[in-house]
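Letter by letter, the chains look like this.
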Amino acid sequence: MTRQRMFLDVNVLEAARARIRHVYDTFDTVCVQFSGGKDSTAVLYLAKEVHEERGLGPVKVIFRDEEMLSPATVSYVEMVRDFDWVDMEWYCLPYGAEIWVLGRRQTTILWGDRRREEGRWVRDMPPGAITGYHFGLDHSKNLPQPLDYYQMQGKKGSVAFITGVRAAESMVRYRSLVQKLHENYIVHPYGLSKSVPLKFAKPIYDWNVNDVFKFISEEHGAPYCEYYDLAALTGSNTRVGIPLHATAIRRIGDVVATEPEFYDRLYECFPQIDAQRRWWPDFDVEKLIDDYAQDGWDGVSEFISTYIIGPSKTRRAKSFAAEFRKKHIADPYSYPINYLIRNLMLSELARGKSVSPVGPKTRADTQRKRELSND
Amino acid sequence: MTEMVDVKHLKEPSWYAGYTLLPDLRVLASSLESFGQLAPVIVHEETNEIIDGVQRCRLVSENKHLREKFDGQVEVKWVSGITTPDAMILHVQMNRGRGTINARQLSRIVRSLRSACGLTADDFKRIFAMSFDELELMLDGTLLKHRKVNAHSYSRAWVPVEAPAGTVEKASISIEKPPNADR
C-alpha cells in the first residue's frame with residue numbers, strides 16, 4: 001500500500017470553501033496567518049467569504065513582521081491592514097534569522113536591540129506593533145518559546161491559524177500534507193507543546209499558482225502584492241519572505257532585479273552579503289564539500305569552526321554532527337561524511353533537526369553510488 | 001567636443017531607468033577619486049537632461065571630496081537636435097548594453113514610447129533587441145497577463161489515500177520551480 005492522491009469530482013476552489021467552513025465550524029477562534037504573499041492573500045479572501053456569509057465581522061489576521069521585508073510587501077500589508085473588514089495583529093518579535101553567505105552561516109536577531117543601537121534595522125518598526133516587550137521579554141535574545149505560542153496568547157478556546165501552505169511548493173510540504181488521511185490539512189504546529197490548543201489549517205493545500213491568482217483576481221478583483229508584477233517583469237521567482245537565509249540568498253539576484261533599493265538597504269545592514277551577489281554564480285559548492293569531507297571528522301570540525309558563526313548555531317551544528325557520527329558508524333554508506341557537510345552548509349539547521357540518511361535520486365546518492373561502484 | 005559644466009545646471013530626467021547598487025556606487029566614487037573623470041556625461045542639450053552619467057553627477061554633487069576635487073563640475077558631451085523620446089531611447093540603449101537597467105522604469109519607457117511615438121514591435125526589436133514576448137511583458141507588466149490566468153481552469157481537488165499502486169488515477173505531483181536559475 002502506498003500513499004497516493006485521489007482526485008475528487010470538485011475543483012480546488014469548491015473544496016477549499018468546504019474546508020474553510022469546516023474549520024470555522026470546528027474551532028472557537030480562527031485567524032488568518034498572513035504574510036503579504038499570494039497564498040495567504042487567497043486564504044484571507046476565502047475567510048472573508050465565510051465572515052460575510054455568517055456575519056462574523058472583521059477577519060482576524062495575524063501578521064508576523066520579519067523586518068527584512070521588501071518595500072512592495074510592506075506597502076501591500078499596510079494596505080490590507082487598513083481594510084475595514086480586516087482586524088490585524090502586527091507582530092515584531094525578536095527571533096533568530098540566518099544570514100548565509102557563500103556557505104558561511106550566522107544568526108541575527110530580528111528587531112534585535114543591538115542592531116537598533118547600531119542603526120542597522122532594515123526598516124523602522126511600525127507603530128502599534130506587538131513586540132517582545134508586551135510579553136515581558138527584551139529584544140536582546142531569541143524568544144524562549146516558538147513564535148506561535150506568543151501569537152495565540154489571548155485567543156479564546158481552541159484556535160486555528162489558517163495558512164496558505166500548498167503541497168506544490170516543495171516535496172517537504174507535499175509529504176506533510178499526505179501524512180494524515182483524515183483532516184490532512186489540519187495539523188498541530190511542529191515544536192509546539194501538545195498542551196497548547198492551536199492547529200494550523202491549510203485549506204488551499206492542493207492549489208497551484210494559477211489557481212491562486214485566478215481566485216484573487218477573478219472571484220474578488222482584489223489587489224495583490226506589487227512584487228509579483230516586478231517578478232514577472234524581471235523573470236524572478238514569485239516568493240516573498242526573508243531573502244538572506246540559506247535557500248533564499250542563492251537568489252539574491254532576484255532582489256537586485258526587482259527592488260534594487262531594498263538590496264542597498266540590506267547591504268547597509270549586512271555588508272557581507274555583497275560577496276554572495278558577486279561570487280555565487282562562480283562559487284563551487286561541491287569542491288568545498290569535497291575538500292572538507294576528505295579530511296574526515298577533522299574536516300567536519302574544521303568546517304564547523306570556519307563556516308558556522310555564533311555560539312548557538314555552533315552548538316546546534318556540533319550536536320547534529322555528533323548524532324550523525326553515531327549513524328555513520330552503524331551505516332557509513334547511508335550517512336557519508338560529505339552528506340553531513342552538505343547538511344551543515346546548505347540545509348536548515350532548525351532546533352531538533354533529525355539526522356536522515358541520503359535520499360534516493362539526490363546528488364549525494366549519486367555520489368555514493370559512484371563510490372560504491374569504484375570499490 | 002566636450003566641456004566642463006557645473007553639475008547644478010544638469011537635470012536628472014524623470015524617466016531615468018538605470019540603477020547602480022550602493023556597493024558599486026562606492027567603487028565608482030573610489031575610481032573618480034583615484035583616476036578622475038575618464039568619460040563624459042551625455043546630456044540632452046535642449047532640456048539639460050542627463051542621458052548617461054546620472055550616478056557620476058550625483059556623486060560630484062553630493063560627495064564632499066568629489067565636489068571639491070572637481071569644483072562641482074563634470075565633463076559633458078552635448079547631444080542636440082533630438083526629441084525627448086529619442087533621448088529615452090538612447091538612454092535605454094546605452095544602459096541595456098551594460099545590463100544595468102531597472103525593469104519597472106524600462107516598462108514605463110516602453111509604454112510611453114508606444115503611446116507617444118506609436119513604435120511597433122519591429123521598431124522595439126530594432127532599437128532595443130527586444131523580443132515580442134519581452135515587449136508584451138513590458139507593455140502589460142502584470143503577472144496575471146504573463147501567466148495567462150484568465151485562460152486557466154481551476155484544478156481538481158485531491159485528498160491523500162492509502163491504496164495499492166494502480167488503484168487510483170495516477171498523476172505525479174508537480175513541484176513548482178523558479179522560472180530562472182539561482183543568481
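It should be emphasised that the depicted structure is a prediction, and the values quoted were computed from it without experimental measurement. (Residues numbered from 1 in each chain as written. Chains lettered and ligands numbered in written order. Predicted model: local features only at pLDDT ≥ 70, side-chain atom pairs only at ≥ 80, totals over all residues. Heavy atoms only, no water.)

A. Structural view of the packing of aromatic side chains. Within the structure shown, the criterion is met by 25 aromatic pairs over all chains. Taking 4.8 Å as the distance between ring centres and 80° as the angle between the ring planes, the aromatic pair formed by F63 of chain A and W90 of chain A counts as edge-to-face. Taken as a pair, F63 of chain A in strand β3 (residues 59-64) and W90 of chain A in strand β4 (residues 86-92) lie far apart in primary sequence, 27 residues in all. With respect to burial, F63 of chain A and W90 of chain A carry one shared label: buried. Among the aromatic residues, ring-to-ring pairing joins Y174, Y185 and Y205 of chain A together with W158 of chain B into one connected group. The ring centre of Y185 of chain A lies 5.9 Å from the NZ or CZ of R19 of chain A, which sits over that ring. (Phe/Tyr/Trp six-rings, centres within 6.5 Å; stacked < 30°, edge-to-face > 60°. Helix = DSSP H or I, 4+ residues; strand = E, 2+ residues; numbered from the N terminus. Buried < 20%, exposed > 50% of the residue type's maximum accessible area, 1.4 Å probe, protein only. Lys NZ or Arg CZ within 6 Å of the ring centre and 35° of its normal.)

B. The arrangement of the side chain of K313 of chain A in detail. All names here are of chain A. The topology assignment puts K313 in helix α14 (residues 311-330). With relative accessibility at 10%, the residue K313 sits in the buried group. A distance of 3.4 Å separates a polar atom in the side chain of K313 from a polar atom in the side chain of E98. For K313, the contacting residues outside a window of four places in its chain are E98, R105, Q106, T107 and I308. (Polar contact = N/O pair within 3.5 Å; in protein donor to acceptor, adjacent residues only side chain to side chain. Contact = heavy atoms within 4.5 Å.)

C. Local environment of the pairing of β4 of chain A. Residues and elements named next belong to chain A. Judged by how many residues are buried, β4 sits mostly within the fold: five of seven residues are covered. Sheet topology places β3 next to β4; six bridges connect them, and they run parallel. Each bridged residue has a counterpart across the sheet, and for I62 the counterpart in β4 is E89. In this region the chain leaves β3, passes through helix α3 (residues 71-81) and returns to the parallel neighbour β4; the handedness of that crossover is right-handed. Strand direction decides the pairing type here: β4 and strand β7 (residues 130-131), joined by two bridges, are parallel. Bridging from a neighbouring strand, C92 pairs with T131 of β7. (Pairing = 2+ DSSP bridges. Right-handed = clockwise from strand over helix to strand, strands pointing away.)

D. Expanded view of unusual backbone geometry. A positive phi angle, close to 45°, is found at L102 of chain A, a residue other than glycine. Within the fold, L102 of chain A resides in the loop between β5 (96-101) and β6 (104-109).

E. Representation of the domain arrangement of chain A in the model. Its domain assignment divides chain A into domain 1 (12-96 + 110-115 + 122-219), domain 2 (227-282) and domain 3 (285-374). On a C-alpha basis, the centres of domain 2 of chain A and domain 3 of chain A stand 27 Å from each other. (Domains from an automatic or database assignment.)

F. Here's a closer look at helix α6 (residues 121-128) of chain B. Residue and element names in this part refer to chain B. Where α6 is concerned, the buried positions are D123, F124, I127 and F128. What you see down the axis of α6 is that its buried residues fit within an arc of 95°, all on one side. Opposite the buried face of α6, at more than 90 degrees from it, the exposed residues are D122, K125 and R126. Against α4 (84-98), α5 (103-117) and α7 (132-140) lie the buried residues of α6. (Arc of directions from axis to C-beta.)

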